[in-house]
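Structure at a glance
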Amino acid sequence: MIDYFTEGEFMKEVSFKVDNVGTKDGILTIEKLSKMLLEVSNLESNVADKFMDENNLTWMIYSWRFKLNRKIKIGEVIKITTWVSNISKLKVSREFLIEIEGNVEGECKAEFLVIDIENKKAISAPKELINYFEVYEKELLSSNRIRRSEVNKLSSVSIYSSDFDKNMHINNSVYIRWIEEFMYFRLKKYIKILEIVYSKEINSNIKIDINCSKNNDYFEIYGNGLHAKGNIILFS
């Protein structure tokens, strides 16, 4: 096993047994994996909950990057380890290491924005908030710029009331579900690598189109503007 890091108090580690919830034909979905990652992240970041509440702030995901070495199956136990790797002017970066039976089977990265709820805009992370986190400067995945490519409209999706979060925005994991289901039903393939950047919130029940490049390696989620874009590599 690769020696990725020396464990410290700034890391959080949780194990999950994969059950049938959030799987497709016995394989763990990226949508369900993203929820697991956030569950672990929240256990580590909850030290700042009181400060966030008192200052009317919230977290919002700006981007996700998932890289899996293989498909994860029902019944397997996955260990997820997370830490904050960087805090810049507007973004807080968090890494996730996925292990199964001592082997590294995945690496993921999320970038978060701090949102001023009253003014509905991203702000620089206050120094008092930063002080709650110890940064371990080990990045598993780099932050790549996603360039737009030529796409064709290939599918439309419906929005359900359960897709909205407590702030009445479409949950970030729903975008991932749309892309996964589109790729699976169209090509019968699972996603190996997924990069997604969110650009505009969906806060109403609008018509959503899934647009994809000819080679199925770039996608856009379009409604009343561009809401997200990303790159994909599929398992063979």
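What you see is a predicted model, and the numbers here were worked out from it, not measured in a lab.

Once that is clear, we can look at the pattern of salt bridges. Inspection of every chain in the model, using the stated rule, returns 13 salt bridges. For Lys-35, the salt bridge identified is with Glu-31, shortest N-O distance 3.6 Å. Taken together, the positions of Lys-35 and Glu-31, both in helix 1 (residues 30–45) and four residues apart, correspond to about one turn of that helix. Owing to a relative accessible area of 15%, Glu-31 belongs among the buried residues under this scheme. One salt bridge in this structure joins Arg-177 and Asp-163, with 3.1 Å as the shortest N-O distance. Remark: Asp-163 occurs in the loop between strand 9 (152–157) and helix 4 (172–187) and Arg-177 occurs in helix 4; sequence separation between them is 14 residues.

Turning our attention to the pairing of strand 5 (residues 77–87). Across six bridges, strand 1 (residues 12–17) lies against strand 5 in antiparallel orientation. Across the sheet, the residue bridging to Lys-12 is Thr-82, located in strand 5. In this structure, strand 5 lies alongside strand 6 (residues 91–100), joined through eight bridges in antiparallel fashion. Bridge pairing in strand 6 places Ile-80 opposite Ile-98. Connecting strand 5 to the next strand, strand 6, in antiparallel fashion are three residues.

Cut-off values and rules
Residues numbered from 1 in each chain as written. Predicted model: local features only at pLDDT ≥ 70, side-chain atom pairs only at ≥ 80, totals over all residues. Heavy atoms only, no water. Salt bridge = Lys/Arg side-chain N within 4 Å of Asp/Glu carboxyl O. Helix = DSSP H or I, 4+ residues; strand = E, 2+ residues; numbered from the N terminus. Buried < 20%, exposed > 50% of the residue type's maximum accessible area, 1.4 Å probe, protein only. Pairing = 2+ DSSP bridges.

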